[in-house]
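One-letter residues, chain by chain:
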Amino acid sequence: MNASPWHRTLLRQMARTGLIPDDVTDERFAALLQRVSLSYDDADKQRYLHDRAFSLASQEMQDLYDRLQEASQSEATVQRDRLKAVFDTAATGLIVLEDNGQIFDLNPVAEMILGLDHDTQVAEPIGSVLVTADPEDPSTVDLQHAIATGENWRCSDVLLMTRTGTLSASLLFRPMASGGGVLAIEDITERKKAQAELIWRANHDSLTGLQNRASLVDQINRGLQRARRYGTSVAVLFIDLDRFKRVNDTLGHAAGDVLLVECARRIGSAIREVDTIARIGGDEFVVLCENLTTDSAARERDTREIATRIIKAVDEPFMLDGTPAYVEASIGITFSQGSPVGPDTLLRDADIALYEAKQSGGSALAFYDDSMIDRMQYALELERQLRRALPTDELWMAYQPILALDGDNVIGYEALARWNSPQGPIGPEEFIATAETAGLLNDLGRRLIRRSLHFLNDLPGDLRLFINMSPSQIAADGIIEWFDEALEDTGADPRRLVIEITETAALADFRIGQRLAEFQSRGIAIALDDFGSGHSSLSSLRTLPLNLIKLDRSFLNSTVDDPRAESLARMLCDLGHALGISIIAEGIEDDDQRRFAQDMGCQYGQGILLGPPTTADQALEHAARHV
Amino acid sequence: MHTSLATWSPHEGWSKDLRTVPARPGSTVALAFSDPTVDTSEALQQLRAQVPATVIGCSTAGQILGPRVDPAPLVVAITAFDTARVVGACTPAGGRTAEDVGAVVGRELTSAAHGEHIAGVMVFAGGLTINGSALVNGLLRHLPPGTPVSGGLAADGPRFERTWVHFDGHTGEDCVAAFAVLGQAVSFGHGSQGGWDGFGPRRTITASEGNVLYELDGQPALALYKQYLGDRADELPSAALLFPLTVWSENASSGLVRTVLSVDEQTQSMTFAGDVPQGWSARLMWTSLERLTEGATEAAQACHDDPAQLAVAVSCVGRRLVMGARAEEEVEAVLDVLGRSAPMIGFYSYGEIAPKDGLCSLHNQTMTITTISEQIPAP
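Throughout, a residue's number is its position along its own chain's written sequence, starting from 1. Both sets of labels track the order of writing: A upward for chains, 1 upward for ligands. In keeping with the predicted nature of the model, local features appear solely for residues at pLDDT of at least 70, side-chain atom pairs appear and are counted solely at 80 or more, and the whole-chain, interface and lining totals rest on all residues.

Moving on: the overall build of chain B. The way it works is that DSSP assigns letters per residue, a run of H or I at least four long becomes a helix, a run of E at least two long becomes a strand, and they are numbered from the N terminus. Summing up its helical and strand segments, chain B has seven helices and 28 strands in all. Looking at chain B residue by residue over its 379 residues, the buried ones come to 59%. Note on contacts: each residue gets a C-beta atom placed from the backbone, and two residues are in contact if those atoms are within 7 Å. The contacts of chain B with a sequence gap of at least 6 include a subset with a gap of at least 24, amounting to 82%. Each residue is classed by its C-beta neighbour count within 10 Å, where at least 20 other C-beta atoms makes it buried, 12 or fewer makes it exposed, and intermediate counts make it partly exposed; the C-beta atoms are placed from backbone geometry.

Pasting the structure below:
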């Protein structure tokens, strides 16, 4: 503002025109100049304010802009850091590509998958680091095309060559609007292995590595096709291991598994190269024999040879943690016939033949024929009848006396199971075998033993009762406890009880010996039944805790005109005497046989001549007469 | 309808003999606007005594008469209607809210009209304490729907210390006075235009209460104004008129202009002539002489009343401060549109009231024109 009442611009203009304020004496002129001066002042004030305001506003806008930019830069930094973190920690390999296909950036997973070094690869063309194992594979060319045209592209499986080897990869390219794009790369090598493993598992038995049922069915179908094409025949061998369950029960499942693996190996080494082996159940194996002649006699001979090799291989003891274990192979065999058959039919027929083979004891083989179906149906009917009869009186015990041969004194009675079925009497061998196959033997045996113990209580004096038990009954879980309970319930005296046990290969199982010793510790005597038949093993005499031996009836039948058999019988009796074991001769039917038995040194005898099996009442009457 | 213009000054007295002026009792209104620094009470008494009219007016920041600004300390326009009637009302605020006071006046006018058609209402109110927005709302509440209301808030030059309202020979500080013209033959025209432009950043009203503004963007509003005014901060509050504030809600298509009435150093607050709601956006405004003149022209053009038998120009004190000695340029611009012979009276105010876009409301920093004309019915 001016000290002078008039604006300095006005004063300057007045001076230039030669006018000084003192010259202005006219009032109206002075008023005019005053107004002009005020207008100048107003304009100055306005300009000052305008300039200041717009300078401040500009500064404010600049500050605002700076703050916004700072915020947006900081936001951009945060965003970039986030993206970088995602990029660096992504489980998938990521390669950011320029629009010319050069690598702009790649994350650690991509470096790892491709065996690359980050710094040396940036700016390299993607084609130089992504090399297909197959030079003919068009994948990398397709990728280059997708980058150039900005299109989505995917390749779900490509074999790549890297510095460290080859790998299976899945590739996915996504273009970016701003050019170039991102290539996602995933190493699917392990996934493919896992898939292959899954497929293998679907077709193989995990324990033995053999083919499983599904795979076997395919194999049989292919075998049948080949047989038709080449005019050959195939055989299906259904193999079941006898007494495998006992190995599992006694030595544990781990040992059982070891046995199965070894068994698979043995069977595999017993068959020919063209044959296939599969495991289709716990202890069930199937061998498919191909390229057999269609001549029935020749193919049966060839197949029998193979089956026999298998049986022998399985018969050898299995050493499980230093303990020998014994199983036997039963084999059912069937052939592809002239008429078209499928895998199911062949497996069913072989299974039927297997049943037949098992009926004839362990280590046996049987060829399928149509009559087996009838027999099997009969066996199934028998089983059904037996289940029904179990709680009834149709099953009963007969008792046959055992006498001292030096007089006529009865020393006891052997309890023998009998079945009067509605269709007529059924022999013990038949129904006991059926019970064993059907898993009913334990139940049946325990029911009959309980009845016999009541009979024992009725027997006068110190007469003994001989009862029969199979190795499987003795090996059954809880048999000792059950026996103790049965003895207590019935009040029977264990010292008057004799358990007869048939000599079979199963007796080699050391646990049987332990069980027998436990029975013996309760005062129960142990007798080895049918000694000298079948699986005669002198080692049984040493290892088993025996009190009595029952000499098999075959000796009395054959020794009369067979000097060698007689010598053998005498030797066995001498052996028994030497070991302090009493001997009972079985099957004495006439006086010659009785004399012969006495002559050999048998202290006791049993047979039709000495007394047939009778009902319990008759036996008690008999006992009363002979005590 | 006949309008006579007159002036009064202490030295020269009345410019004409009031007793010769045409006037009919009940049909005449005398608008009187005075310089608050000059005692005009005796002149106003004379006016009341010599003219049978409803005398109404207020103190100003500059009196307008014809093309002149401040031709005399008191300017008067005496309008006698041929057929229309004039009714007036006046009430002191008396501690009531502006809206309640407006309602009282509105009710009185409606009552006095006895059901006759109200062609238009003009209102004048104390300019320092009365919230103009609320006053208009109260008035409209009791007037027949569609009644146009215009007028302005009394002023005290650039001082913002005391304002006066005149009514029928009385003068009061904190009053509201209004008159209504009754009759179908009379028509009112209105125009209101600013000529201000926003500048600088958009700000947010972060603390306010009614028409009291405390903070913009979390900073004291007064400090911001002082920063912008620089040396001229000493001239507060009038200097704040150089930077009126435009305020708008989030969804509004255009903003309202607010003029500062007073400042409070203690609370760092500023009181405006209208509400400044918290949460609304705000921006400083600026203008130039040319833009203000353009605004005045546009305001006159919006009146659509040709020829005007009375024109009342109410312009904002802020415009006067910007234009300084050249304030008459906007008055001339108005007469250029209405016709140089149009009888025009007016004043520089602390707030203008007029309908705009169909709504009567308080304006700030505008030139507001009300034109009144009466058609003489055919005999």
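Contact with chain B, which involves 14 residues of that partner, is made by 14 residues of chain A. Grouping the constituent residues of the side of chain B that touches chain A by class yields eight nonpolar, four polar and two charged. Gly is placed with the polar residues, together with every amino acid not listed as nonpolar (Ala, Val, Leu, Ile, Met, Phe, Trp, Tyr, Cys and Pro) or charged (Asp, Glu, Lys and Arg).

Our focus in this paragraph is the sheet that holds strand β9 (residues 118-125) of chain B. All names here are of chain B. We treat two strands as partners when DSSP finds at least two bridges between them. The strand order across the open sheet formed by six strands is β8-β13-β9-β10-β26-β27, and the pairing between neighbours is mixed. Among the strands making up the open sheet, the edge pair consists of β8 (85-92) and β27 (359-363). Between one strand axis and the next, the sheet turns by 20° as a mean value, whatever way the strands run. Across five bridges, the pairing between β9 and strand β10 (residues 149-153) is parallel. Across the sheet, residue Met122 finds its bridge partner in β10, namely Ser150. Sheet strands in contact with helix α2 (residues 98-113) are β8, β9 and β13 (175-182), and its direction is about 150° off that of β8. Angular values range over 0 to 180 degrees, each being the angle between N-to-C directions of two axes fitted as lines to C-alpha atoms, with helices fitted over their stretch in contact.

A separate point is the sheet that holds strand β11 (residues 165-167) of chain B. Spatially, seven strands are ordered β2-β1-β7-β3-β4-β11-β12 (chain B) in an open sheet, and the strand pairing comes out mixed. The outermost strands of the open sheet, each flanked by one partner alone, are β2 (13-14) and β12 (170-172) of chain B.

Residues and elements named next belong to chain B. Assignment of secondary structure puts Gln365 in the loop between β27 and β28 (367-374). Judged by local crowding, Gln365 falls into the buried class, with 28 C-beta atoms found within 10 Å. Setting aside chain neighbours within four positions, we find Gln365 in contact with Gly194, Trp196, Pro244, Val257, Thr259, Cys316, Gly318 and Arg319.

Residue and element names in this part refer to chain A. Where helix α15 (residues 441-458) meets helix α17 (residues 479-490), the axes come as close as 10 Å, and the angle between the chain directions of the two elements is 35°. For the element pair α15 and α17, the recorded crossing hand is right-handed. Residue-level inspection shows Arg446, Ile449, Arg450, Leu453, His454 and Asn457 of α15 in contact with α17, the latter providing Trp482, Ala486, Leu487 and Thr490. For the contact of α15 with α17, the per-class residue count stands at five nonpolar, three polar and two charged. Definitions for this section: a left-handed crossing has its near helix turned counterclockwise from the far helix by less than a right angle. A right-handed crossing has that turn clockwise.

Right, let's talk about the nonpolar core for a bit. All names here are of chain B. Under the definition applied here, buried Ala, Val, Leu, Ile, Met, Phe, Trp, Tyr and Cys residues are grouped into a nonpolar core through C-beta atoms within 7 Å. Val123, Val176 and Ala178 are the most contacted members of the largest nonpolar core, which has 144 residues in total. Domain boundaries shown here were taken from an automatic or database domain assignment. No fewer than three residues from each of domain 1 (2-193 + 290-374) and domain 2 (197-286) sit in this core. Those residues in contact with Val176 that lie beyond four places of it in its chain are Cys90, Thr91, Ala93, Val101, Gly102, Val105, Val123, Ala125, Ile130 and Leu135.

All names here are of chain B. Burial analysis of strand β24 (residues 310-316) places seven of its seven residues in the buried class, the great majority of the element. Burial along β24 is two-sided: Leu310, Val312, Val314 and Cys316 and Ala311, Ala313 and Ser315, pointing in opposite directions, are all buried. Alignment of β24 against β28, held across six bridges, turns out to be antiparallel. Within β28, the residue paired with Ala311 across the bridge is Thr371. With six bridges joining them, β24 and strand β25 (residues 344-349) adopt parallel strand pairing. Each bridged residue has a counterpart across the sheet, and for Val314 the counterpart in β25 is Phe347.

It is worth spelling out unusual backbone geometry at this point. For the bond running from Leu236(B) to Pro237(B), omega is 5°, close enough to zero to count as cis. Tracing the chain through its elements places Pro237(B) in the loop between α4 (221-229) and β19 (245-248). Here Asn291(A), not a glycine, exhibits a phi torsion of approximately 60°, which is positive. Position of Asn291(A) relative to the elements: it lies in strand β9 (residues 284-292). Of note, Gln365(B) is a non-glycine position whose phi angle comes to about 60°, a positive value.

Where the model shows low pLDDT, its predicted coordinates should not be examined in detail. Mean pLDDT over chain B works out to 92, with 98% of the residues at or above the 70 mark. In the predicted assembly, ipTM is 0.71 and pTM is 0.49. Values of pLDDT, ranging from 0 to 100, describe the predictor's confidence in every residue of the model.

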